[in-house]
Each structure stands twice: as structure tokens, then as C-alpha cells.
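# An overview of the molecular structure
What follows is each chain in one-letter form.
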Amino acid sequence: MKLSLRAALAGLAAAGVALGVAEIVAVLTGPLSSPLFAVGGVVVDNVPAPVKDAGIAIFGTHDKTALISGTALLLGAYAALLGVLALRSRVVAAAGIALFAVLGVVAAVTRNDAGITAALPTLVGAVAAYLALRHLLRAAVEAEPAPVGAATTAGPGGPAEGERSRPVVSPSAYREDGRRRFLIGLGSAAGVAAVGGVGGRLLTSRRAVTAARAAVVLPPAPPVPPVPAGAQVDGATAYVTSNDDFYRIDTALYPPQIDPATWELRIHGMVRNPITITWEQLLQRPMVQRYVTLACVSNEVGGDLIGNALWLGAPIKDLLDEAQPLPDADQVVQRSSDGWTCGSPTAVLRDGRDALLAIGMNGQPLPVRHGFPVRMVVPGLYGYVSACKWITEIELTRFSDFDAYWVPRGWSALGPIKTESRIDTPRDGAKRKAGQVTVAGVAWAQHRGITAVEVQVDNGPWAPATLAPAVSADTWVQWSYAWPATAGEHTLRVRATDSKGETQTSTPASPAPDGATGWHSVRVTVG
Ligand SMILES: Nc1nc2c(c(=O)[nH]1)N[C@H]1C(S)=C(S)[C@@H](COP(=O)(O)O)O[C@H]1N2
Ligand SMILES: [Mo]
């Protein structure tokens with residue numbers, strides 16, 4: 001093995017040690033203080049919007065895994081290079097590790113709600129990496145075939161008389177020893193990295209709020225609006241989305257872990273009567289259960305970033321009424337414990353719709369990924385302007401005074417959900433036998449409601465589809481169409497009309513800045 005290769009491996013191993021040790025320390029200081037997650041979080045909040053959109057487009061809901069893997073890969077390349085440079089100079093090695101430490105520390109302590117202890121994982125990790133690198137490099141150099149005679153440390157005139165008779169370690173034994181120590185060191189470093197990384201993560205998830213969530217007893221369930229018979233059409237997506245299947249979109253690399261016992265919601269800003277309520281107080285409030293279909297503004301035409309669940313929560317309107325917003329406070333900013341914000345029009349939250357401070361999802365306490373212990377759900381608005389998860393603060397302000405998280409990143413401040421429809425069966429590229437084929441799917445225009453869905457085969461006339469009943473205008477509705485399919489290649493299209501009489505536009509638009517438009521279509525081969 002060449003020396004430079006050994007040095008690169010030493011650098012990599014030292015980086016592994018840094019991350020492994022940091023994960024262990026982060027068990028105590030909180031998951032977001034680990035350098036990998038802290039730096040990843042800074043990247044999430046600062047990448048240019050087009051890059052992030054491309055990331056979501058390419059990796060979808062795996063964008064977080066892709067980001068963490070990418071960060072780890074970059075760090076690996078940096079560490080290997082540092083190992084090689086460190087052969088020349090200790091100073092370079094120390095400076096390189098210090099640079100890593102500064103990045104990690106700054107990222108960790110500037111995260112929302114981070115204390116100074118958030119610096120610890122990176123600092124301890126960096127010291128461990130420095131020691132590991134020094135040890136490994138020394139062994140790597142000693143494992144190197146030394147120039148002839150070098151190992152006997154003779155002076156310019158050759159070995160002194162007396163030394164010749166003294167037993168010396170032969171150069172090759174010396175090399176063997178270095179090689180062995182190098183390999184042992186490498187193995188130990190890998191061990192520290194693996195045990196620290198995996199063990200640290202496991203311990204962190206043990207410390208997570210899983211237990212606190214399991215202990216939650218939801219208040220006695222108020223009546224559930226019945227799902228009408230026939231709401232579920234064969235072949236279409238489930239009318240009610242299970243918690244496990246529900247899409248997840250957020251900027252959190254690790255979902256905030258909030259113990260309900262310490263949770264508080266502060267309602268303040270432009271209000272006459274600021275309020276702070278605890279979890280216990282929230283549970284005392286009148287609760288309702290409502291089916292509401294949540295949709296993400298990033299959903300492409302035909303996409304699946306949409307789901308329908310039964311939410312249990314306290315109407316936010318009552319809380320706002322108690323807080324008494326000032327007349328020109330036109331924006332309700334919701335802030336999550338991790339600093340993420342969104343803003344909804346005050347008028348929308350007070351217009352009588354079922355905007356909820358939700359604590360339950362499909363009969364369970366909110367899953368941690370979906371905002372445990374408390375989140376907002378607002379029928380008719382995209383999630384990025386209304387559905388704050390892990391909510392801890394509500395601030396009444398003006399749209400002209402405050403831009404929420406996505407607004408400076410190129411998204412519209414207002415995000416009413418656009419009327420859309422989707423074909424769920426047949427799938428694009430499917431094959432069917434000639435004869436009657438069931439075409440089915442979903443359509444939504446939350447809070448307005450869908451009044452018609454039409455299907456078009458190739459470029460023929462638009463034919464009305466049968467609308468299934470839905471719980472309310474706040475949920476999606478399923479539809480079906482009996483298609484007399486003839487042999488050949490066909491294109492099926494769908495479009496919906498809402499209760500305002502507006503039919504979906506055919507003009508395709510991408511999700512930014514305020515939601516995709518266009519007709520969903522699938523190609524089907526009939527044989
Ligand atoms: N704290 C927090 N809440 C958030 C987000 C976020 O990034 N952070 N994303 C929003 C967006 S863009 C959407 S579409 C919905 C998605 O909710 P879900 O993950 O429960 O489906 O959450 C919203 N609430
Ligand atoms: Mo979203």
C-alpha cells in the first residue's frame with residue numbers, strides 16, 4: 001500500500017471517529033447538535049431555491065437522506081485529502097480539522113433554540129479526530145520502507161563502532177510493526193465510527209419522545225363525521241390516508257422532539273390579549289374531529305403529495321378570538337420549535353372554516369413526523385402557508401411586515417389550494433383488455449368543493465365522470481368513469497370543476513410560486 005493511500009485512509013478514519021464521537025455526545029446535547037445534522041440543516045435553509053426544488057424533484061421524499069449522504073461524502077473527500085496533506089505538515093492537519101470544527105460549531109449553535117452546549121459534539125469529535133489522525137499517520141509513516149540505513153539512525157559517517165555490536169530493530173521488523181499498528185488503528189477508528197454512529201442514533205431515538213407520545217391519552221373523541229357509503233371507489237387511492245402512508249414534507253432533518261409536559265403555545269404580537277397555553281390547558285378546550293385533505297404546494301400534476309386524514313383538534317378561531325387581534329393584523333404567523341415559520345391570512349382562520357390546532361390524526365396522537373404534539377391544519381390552504389408542525393408560537397402581524405420561511409425563497413405569501421384532479425387507475429403505461437375499463441381517481445378543491453369531473457379519451461369530447469360522495473368540501477372526492485376501451489394506444493385526461501364554476505386550466509404550470517396547474521394524463525395500451 002502506498003504511503004499516500006495510507007494517509008488518505010487515515011484522514012477518512014479520523015473523520016469517521018469525529019462523526020462517531022460526535023453522535024455519542026449528541027445523545028446528551030440533542031440530535032440537532034450533531035455536526036452532520038447541523039450542517040445539513042444550514043444547507044437546507046440556505047441552498048438556492050432552484051437547487052432545493054431540483055433536489056425534491058429528483059429525490060422526492062428521500063431528499064433528506066440524499067442530503068445527509070451527500071454531506072457525508074463531501075466530508076469524506078475532504079478528510080482523505082487532509083490526510084494526504086497532513087503527511088507534509090502537522091499545521092495543515094490541525095488547521096483542516098479546526099476548519100471542520102468551526103463549521104460544525106457555527107452550524108450547531110445557530111440552529112433555532114440551540115444552547116452553547118450544541119458546540120460540544122463537534123468540539124469533542126474534532127479533538128478525537130486530531131488524536132486519531134496523529135496516531136494513524138505516525139503508524140502509516142513507520143510502515144513505509146525506510147531509506148537504507150535510516151532505521152539504524154546512523155550519522156553521516158556511518159554507524160559508530162560501538163553501535164554496531166548493539167542489537168538493533170531490523171528495518172523490516174520496524175516496518176511490520178508500523179503496518180500492524182496502522183491496521184489496528186484503522187480498524188479501531190472504523191469501530192468507533194460505527195459504534196458511535198449507530199449507537200448514538202439508537203440512544204437518541206430512545207431518548208426521543210416516543211415514550212411521551214405513547215403515554216398521551218387523547219380527550220374523549222367527539223363525534224366523527226361519517227364517511228358516506230360509496231366514498232371509496234374501487235381502484236382509486238384510499239379515501240382516508242393512513243398515518244404511515246401520509247406524505248411527509250418539512251425542512252427538519254430530524255423531527256423536533258417535544259415533550260407535551262413542557263409544550264407551550266404563545267399567542268402574541270398584534271393582539272390585545274396575549275395568551276400562553278399549556279398542553280393540559282389545550283386538552284381542556286372543546287375539541288372537534290374533522291376530515292381535512294392536506295396538500296403540498298410542491299405537488300406536481302399527478303403527484304402524491306396529498307393526503308386525507310381525520311384530525312382531532314381545538315378550533316383556532318376561538319383562541320384567536322380570545323387573543324383579540326388588532327384590526328390590521330392581517331397575518332397569523334405560526335412558528336415551529338425548530339424556527340420554521342408560515343403565515344396564513346387572519347381572515348381565513350376566522351371565517352368559520354375548521355382550522356384546527358390539531359393533536360390527533362386518525363384516532364392517534366399526532367405521529368412525531370407529522371408534528372407531535374401539536375400542529376395546525378387549515379382546510380383550503382397549502383401546507384407551506386398553514387400547516388405548521390411542532391407549533392410553539394403564533395404571532396399576529398401584517399403581511400407587509402413579515403415574510404415567512406418560503407416567501408424569500410421564491411414562493412407566494414398566499415397559497416390557496418388550486419382545483420386539481422388525478423387519474424389513479426389505470427396507471428400511466430398500463431395495459432388493458434378491450435371492453436369496459438374503469439377509470440378512477442381523486443379530485444380536490446378544498447373548502448370550495450368539487451362539482452364535476454370530466455374525462456377525455458384521446459382528443460374526443462369531454463365526458464362526465466361519476467362523482468362519489470365525500471364527507472365535506474374540505475376533503476378530496478373520488479370519481480370513476482366507465483370507458484369503452486378499443487384496441488390501440490390511448491391518452492386519458494381528467495379535469496375538475498369547483499363549486500365556483502371554475503374548471504381547471506389546461507395551461508401547465510410548475511409548482512413554484514403558488515401551485516402546479518394543468519391536466520393529468522396517462523397513456524394506456526389496449527389490446
Ligand atoms: N415545522 C414545520 N411545519 C411544516 C413544514 C416544515 O417544513 N416545518 N412544512 C409544511 C409543508 S410545506 C407541508 S406540505 C405540510 C406537510 O405536512 P405533513 O408532513 O404532515 O404531510 O407541513 C407543513 N408544516
Ligand atoms: Mo408543502
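Residues numbered from 1 in each chain as written. Chains lettered and ligands numbered in written order. Predicted model: local features only at pLDDT ≥ 70, side-chain atom pairs only at ≥ 80, totals over all residues. Heavy atoms only, no water.

### Re the nonpolar core
Applied cut-off: Here the nonpolar core consists of buried residues drawn from Ala, Val, Leu, Ile, Met, Phe, Trp, Tyr and Cys, with membership extended through side-chain atoms lying within 4.5 Å. Residue burial is assigned from relative accessible area. The probe radius is 1.4 Å, only protein chains are included, and a residue is buried under 20% of its type maximum, exposed over 50%, and partly exposed in between. Every residue pair with non-hydrogen atoms within 4.5 Å of one another is taken to be in contact.
Counting residues in each nonpolar core, the largest one holds 107 residues, and the members touching the most others are Leu282, Trp311, Ile316, Leu357, Ile359 and Leu396. Ignoring any residue separated from it by four or fewer positions in sequence, one finds Leu282 in contact with Trp263, Ile277, Met287, Ala314, Leu357, Ile359 and Val374. Counting residues in hydrophobic clusters, the runner-up holds 22 residues, among them Ala443, Val453, Val455 and Ala485.

### Some points on the pairing of strand E2 (residues 275–278)
Rule in force here: Helix numbers and strand numbers start at the N terminus; a helix is a DSSP run of H or I with at least 4 residues, a strand a run of E with at least 2. In short, DSSP must find at least two bridges between two strands for them to pair.
The side-chain alternation of E2 yields one buried face, formed by Ile275 and Ile277, and one unburied face, formed by Thr276 and Thr278. In the sheet, strand E1 (residues 264–269) pairs with E2 via four bridges, with the strands oriented antiparallel. Note on E2: the bridge partner recorded for Glu264 is Thr278.

### A look at the packing of aromatic side chains
Rule in force here: Note on aromatic contacts: the rings of Phe and Tyr and the six-membered ring of Trp form a pair at centre separations within 6.5 Å, being stacked when their planes are under 30 degrees apart, edge-to-face when over 60 apart, and tilted otherwise.
Considering all chains together, one arrives at eight aromatic pairs under this definition. Judged by centre distance (6.3 Å) and plane angle (85°), the rings of Phe37 and Tyr254 are edge-to-face. With a gap of 217 residues between them, Phe37 in helix H2 (residues 35–46) and Tyr254 in the loop between helix H9 (210–214) and E1 connect regions that are remote in the sequence. Given a relative accessible area of 14%, Tyr254 falls into the buried group. Each ring, one from Phe246 and one from Trp311, has its centre 5.9 Å from the other, and the planes form 80°; the classification is edge-to-face.

### Points about the UniProt feature "domain: Oxidoreductase molybdopterin-binding" (unreviewed entry) in the protein
Test applied: UniProt positions are given in the numbering used here, feature names are shortened, and annotations may be inferred rather than shown by experiment.
In the UniProt entry, the feature "domain: Oxidoreductase molybdopterin-binding" (unreviewed entry) is given for residues 255–406. Helix makes up 12% of residues 255–406 and strand 38%. Its end C-alpha atoms lie 19 Å apart.

### Section: the environment of Trp479
Definition in use: Within 3.5 Å is the distance limit for a polar contact, defined as a pair of N or O atoms, with the added protein rule that one can donate a hydrogen and the other accept it, and that residues adjacent in sequence qualify only through two side-chain atoms.
Position of Trp479 among the secondary structure elements: in strand E17 (residues 477–485). Remark: the alpha-carbon pair of Trp479 and Gln284, spanning 195 residues in sequence, is separated by 40 Å. Looking at Trp479, its side chain comes within polar contact range of the main-chain oxygen of Val442, at 3.2 Å.

### Considerations on the site of ligand 1
What counts, and what does not: By convention in this text, a residue qualifies as near a molecule or strand provided that one of its non-hydrogen atoms is within 4 Å of it. Using a 1.4 Å probe, the Shrake-Rupley method yields the accessible areas, and only the shown protein chains count as cover for residues.
By nearness alone, 18 residues border ligand 1, and Tyr247, Thr251, His370, Arg375 and Lys389 come closest of all. Here His370 contributes a side-chain N or O atom positioned 2.6 Å from an oxygen atom of ligand 1. Arg375 is positioned such that a nitrogen or oxygen atom in its side chain is 2.7 Å from an oxygen atom of ligand 1. Contact with the protein chains removes 98% of the 520 Å² of surface that ligand 1 exposes when unbound.

### Thoughts on the UniProt feature "transmembrane region" (unreviewed entry) in the protein
With numbering aligned to this structure, UniProt lists the feature "transmembrane region" (unreviewed entry) at residues 66–84, 91–109, 115–133 and 182–203. For the annotated span residues 182–203, helix accounts for 100% and strand for 0% of the residues, and the straight-line distance between the end C-alpha atoms is 30 Å.

### Re the sheet that holds E2
The criterion, for reference: To obtain each axis, a line is fitted to C-alpha atoms, and for helices this fit is confined to the stretch in contact; angles are then taken between N-to-C directions over 0 to 180 degrees.
Pairing is mixed in the open sheet, where five strands are placed in the order E2-E1-E10-E5-E6. Each end of this open sheet is capped by a strand with a single partner; those strands are E2 and strand E6 (341–345). Within this sheet the neighbouring strands show an average axis-to-axis angle of 15°, counted without direction. Two elements, strand E5 (residues 331–336) and strand E10 (residues 391–397), share six bridges in a ladder whose sense is antiparallel. Looking at E10, one finds that Gln331 is bridged to Thr397. On the sheet, helix H11 (residues 316–323) packs against E1, E2, E5 and E10 and is oriented at approximately 140° with respect to E2.

### A few points about the pattern of salt bridges
Inclusion rule: Here, a salt bridge means any side-chain nitrogen of Lys or Arg that lies within 4 Å of a carboxyl oxygen of Asp or Glu.
Scanning the model with the defined rule gives 22 salt bridges in all. Notably, a salt bridge pairs Asp45 with Arg111, separated by 2.8 Å at the nearest N-O pair. You can see Asp45 sitting in helix H2 and its partner Arg111 sitting in the loop between helix H5 (90–110) and helix H6 (120–142), a full 66 residues away along the chain. Note that Arg335 and Glu395 form a salt bridge whose closest N and O atoms lie 3.5 Å from each other. Here the residue Arg335 occupies a position in strand E5, and Glu395 occupies one in strand E10, the gap between them amounting to 60 residues. The class for Glu395 is partly exposed, based on a relative accessible area of 24%. Salt bridges linked by common partners bring Glu142, Asp177, Arg180 and Arg181 together as one network.

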